[in-house]
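The primary structure of each chain is shown beneath.
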Amino acid sequence: MDTLIDLISHLGNQNGIIFCNFKDSIQRVSDCLEKHGISHGIFFRRNGTNGS
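Take helix α1 (residues 2-11) next. Burial analysis of α1 places just one of its ten residues in the buried class, which makes it a mostly uncovered element. Two residues or fewer after α1 comes G12, characterised by a positive phi angle close to 80°.

Structure, rendered in structure tokens:
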């Protein structure tokens, strides 16, 4: 996660997307971003739905 935070810090105040393969990864990344005060949103597709 340190590398991700370093990259985001280097890029500065820009929009971006972080892709995670697994829902548990989404939560870990979200927790890390929150811990570092980085504004973000979470979007994921539920199994068997179209995501809406």
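Past the structure itself, the notes keep going.
Here I17 is to be found in the loop between α1 and α2 (23-35). What makes I17 exposed here is its relative accessible area of 82%.

A few words now on the nonpolar core. By size, the foremost hydrophobic cluster in this structure holds six residues: I5, C20, I26, V29, C32 and L33. Not counting the four nearest positions on each side in its chain, V29 is found in contact with M1, L4, I18 and C20.

Before going further, it helps to examine the pattern of salt bridges. Going through the model one piece at a time under the given rule, you end up with one salt bridge. In this structure, the salt-bridge partner of D24 is R28, at a minimum N-O distance of 3.3 Å. Of this pair, D24 and R28 both sit in helix α2, four residues apart, which is roughly one turn of that helix. A relative accessible area of 47% means that R28 is categorised as partly exposed.

Moving on: the state of the cysteines. By the definition in use, this model includes zero disulfides. We note that C20 lacks a disulfide partner, and the nearest cysteine sulfur, in C32, lies 11 Å from it. Relative accessible area serves as the criterion here: at 10%, C32 is assigned to the buried category.

Rules used throughout
Residues numbered from 1 in each chain as written. Predicted model: local features only at pLDDT ≥ 70, side-chain atom pairs only at ≥ 80, totals over all residues. Heavy atoms only, no water. Buried < 20%, exposed > 50% of the residue type's maximum accessible area, 1.4 Å probe, protein only. Helix = DSSP H or I, 4+ residues; strand = E, 2+ residues; numbered from the N terminus. Core = buried A, V, L, I, M, F, W, Y, C linked by side-chain atoms within 4.5 Å. Contact = heavy atoms within 4.5 Å. Salt bridge = Lys/Arg side-chain N within 4 Å of Asp/Glu carboxyl O. Disulfide = S-S within 2.5 Å.

By themselves, these are just geometric observations and shouldn't be taken as functional.
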